Amino acid sequence: MGDRVEVELVVNGVRRRATVEARKTLADFLRDDCRLTGTHLGCEHGVCGACTVLLDGAAVRSCLVFAVQASEREVQTIEGIAAEDGSFHPLQEAMSECNAFQCGFCTPGFLMTALEFLRDNPDPSQAEIRAGMSGNLCRCTGYGSILDGVHLAAAKLRDGARGQS
Amino acid sequence: MKPPPFEYVRAESIDDALATISELGDDAKFLAGGQSLVPLMAVRLSWPTHLVDIAGVAELSRIAVTDSGVVTIGAATLQRTVERSAAIAAVCPVLPEAISHIGHFPIRNRGTVGGSLVHGDPASELPLCALALDAQLRTRRADGRERVVDARDFFVGPLMTDLEADELLLDVRIPAWPSGAGWGFQEFSRRSGDFAIIAVLTMLRLAPNGTVDEGRIAIAGAGPTPLRPPEAEAMLAGERAGETLFVRAGAQVAESIEPHSDIHGSVRFRRQLAASLTERALADAHRRVQLDG
Ligand SMILES: Cc1cc2nc3c(=O)[nH]c(=O)nc-3n(C[C@H](O)[C@H](O)[C@H](O)COP(=O)(O)OP(=O)(O)OC[C@H]3O[C@@H](n4cnc5c(N)ncnc54)[C@H](O)[C@@H]3O)c2cc1C
Ligand code: FES
Ligand code: FES
């Protein structure tokens, strides 16, 4: 018990330990303690989706999870999705090909949401993409190209999966 | 906007959670998925001294479905788990359908069934389901006293439920869906995933001659709690199911509610919305009715 707590979690495959304030959110832990600033903070109350990361594979708002709640668990952030040799993830490629960002602030959150969305639904319709991505806001209003990017990424991931089998 | 400081305690069991909360006093709170509590803390509307985290208590996140179709869901069960449960979809398909309208999937990945019921937002889907499905909520206090509260008595006002500060919601029990009954769920929100402006859940069970044996209408977003307008429900019984009846029931619902007005819609708009969503939800229920035998 205490307002400072021990946390130990695995972020992008790397084990991290720290003593932090109980009120420190996972988002702040990733940014301040892990120096992984790809996870962005927009609204800090769950509405914009900019802080979305994967917690044990599930997309969550890292501004609504306390770091201590993520203890003993695995986190994946935008920094952890490219291949080891630095080559882009198919989602990153697709976003880039579709010009799916302007300032880029919302992009990490969109990508992390899309990762779980496409894992569950590898061949989504346009309407399903629109609904699935509706929890993320883009202040530059680049929605059209973002949705195109997710659509293209779905095709790339399906091709990739076929290539492997 | 950062949440104010608090002390964190992880509960290992139901008994542990209850003992801890009663020891810590009135300013301690349970933390489940945090999808309502953490935003409230971030905007400084809630300032608990201690949070007792119940998310990891395995006894609180069990789903059970009996052979006769009675569903029991532990309070800390994730909304996403219920949404994806084939066992629940088989006996109570309206529940996963309604839950799929809660926020966005990353919210449902953390939000729990109990957290939503206890939070008691009048526009929320789970309180609406609990009321429409005649659910019973089981609770326990630190001294071991248990209660079973009907959903009708559980929601007492906007964000107010019939629960003491040291009382833990254990589970929610949903009686078997009446055989052959059809259901409808209709929601209007400004954008996919937003809170409902109005949501309506209906149930229809018909006699072999096509008249209504039992009809239920529950509505969210139309008052301080989810509602079951008694006049509109009474109006269905014994009548021939069909468009004429559904339009009359919708008009009755619009008349019996006292919605509020805000930038998302006037009282008049909400009444009209309630009427048309009721009509549509009743038509959906009618379409899904299976006559016995
Ligand atoms: C962007 C956004 C959009 C949303 N949209 C919707 C929506 O459209 N519809 C909707 O219904 N909800 C919506 N929500 C709220 C969401 O559904 C929450 O998951 C839910 O209301 C609270 O559940 P929780 O498990 O996160 O509870 P918490 O936030 O952890 O707790 C909520 C309250 O319940 C208490 N509590 C929790 N569990 C128990 C228990 N077992 N016994 C006693 N007390 C308990 C807590 O102390 C607290 O007071 C939204 C949230 C966000 C952030
Ligand atoms: S910063 Fe977390 S949802 Fe906006
Ligand atoms: S690209 Fe600027 S916020 Fe989306």
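Residues numbered from 1 in each chain as written. Chains lettered and ligands numbered in written order. Predicted model: local features only at pLDDT ≥ 70, side-chain atom pairs only at ≥ 80, totals over all residues. Heavy atoms only, no water.

Per an unreviewed UniProt entry, chain B goes by Xanthine dehydrogenase family protein subunit M and derives from Jatrophihabitans cynanchi.

By the naming in an unreviewed UniProt entry, chain A goes by (2Fe-2S)-binding protein and is assigned to Jatrophihabitans cynanchi.

For the nonpolar core, give the residues involved together with the corresponding values.
Residues and elements named next belong to chain B. Within the largest apolar cluster, 39 residues are counted, with the highest numbers of intra-cluster contacts made by Ile-73, Leu-95, Leu-117, Leu-133, Val-172, Ile-174 and Phe-185. Here this core takes five residues from helix α8 (residues 125-132), the largest share from any one element. Setting aside residues up to four positions removed in sequence, Val-172 forms contacts with Val-71, Thr-72, Ile-73, Val-113, Leu-117, Ala-135, Gln-136 and Leu-137. (Core = buried A, V, L, I, M, F, W, Y, C linked by side-chain atoms within 4.5 Å. Buried < 20%, exposed > 50% of the residue type's maximum accessible area, 1.4 Å probe, protein only. Helix = DSSP H or I, 4+ residues; strand = E, 2+ residues; numbered from the N terminus. Contact = heavy atoms within 4.5 Å.)

Help me get a handle on the packing of aromatic side chains, residues and values and all.
One pair of aromatic rings is described through two measures. These are the centre distance and the angle between the planes. Residues and elements named next belong to chain A. A complete count under the given rule lists four aromatic pairs over all chains for this structure. Both rings, one in Phe-110 and one in Tyr-143, keep their centres 6.4 Å apart while their planes meet at 70°; by these two values the pair is edge-to-face. One end of the pair, Phe-110, is in helix α3 (residues 107-120); the other, Tyr-143, is in helix α5 (residues 143-164), with 33 residues separating them in the sequence. Relative accessible area serves as the criterion here: at 31%, Tyr-143 is assigned to the partly exposed category. (Phe/Tyr/Trp six-rings, centres within 6.5 Å; stacked < 30°, edge-to-face > 60°.)

Outline helix α2 (residues 90-97) of chain A, listing residues and values.
In an α-helix, one turn spans 3.6 residues, which is why side chains three or four residues apart end up on the same side. Residue and element names in this part refer to chain A. Within the span of α2, buried status applies to Leu-91, Gln-92, Ala-94 and Met-95. Looking down the long axis of α2, one finds its buried residues gathered within 165° of arc, a one-sided arrangement. Just beyond α2, the residue with positive phi is Asn-99, at close to 50°. (Arc of directions from axis to C-beta.)

For the sheet that holds strand β4 (residues 58-61) of chain A, give the residues involved together with the corresponding values.
Residue and element names in this part refer to chain A. In space, the five strands of this open sheet follow the order β2-β1-β5-β3-β4, with mixed pairing throughout. Two strands bound the open sheet, and with one partner strand each, they are β2 (14-21) and β4. The mean inter-strand angle of the sheet, taken between neighbouring strand axes irrespective of direction, is 40°. Here helix α1 (residues 26-33) sits on the sheet and contacts β1 (4-11), β2, β3 (52-55) and β5 (74-76); the angle it forms with β2, its principal contact strand, is near 110°. Helix-sheet contacts for α3 involve β3, β4 and β5, and the interaxial angle to β3 is about 40°. (Pairing = 2+ DSSP bridges. Axes fitted to C-alpha atoms, helices over the stretch in contact; angles between N-to-C directions.)

Tell me about the UniProt feature "domain: FAD-binding PCMH-type" (unreviewed entry) in chain B, residues and numbers included.
In the UniProt entry, the feature "domain: FAD-binding PCMH-type" (unreviewed entry) is given for residues 1-179 of chain B. Along residues 1-179 of chain B one finds 32% helix and 23% strand; the C-alpha atoms at either end are 50 Å apart. (UniProt positions renumbered as here; feature names shortened; annotations may be inferred.)

I'd like a description of the sheet that holds strand β1 (residues 7-10) of chain B, backed by residues and values.
All names here are of chain B. Spatial strand order, β1-β3-β2: three strands in an open sheet with parallel pairing. Only two strands of the sheet have a single neighbouring strand rather than two, namely β1 and β2 (28-31). For this sheet, the mean inter-axis angle between neighbouring strands, taken without regard to orientation, is 25°. Pairing analysis gives four bridges linking β2 to strand β3 (residues 50-53), with the strands arranged parallel. Paired with Phe-30 across the bridge in β3 is Val-52. Each of β1, β2 and β3 touches helix α1 (residues 14-24); the most contacted strand, β2, lies at about 155° to it.

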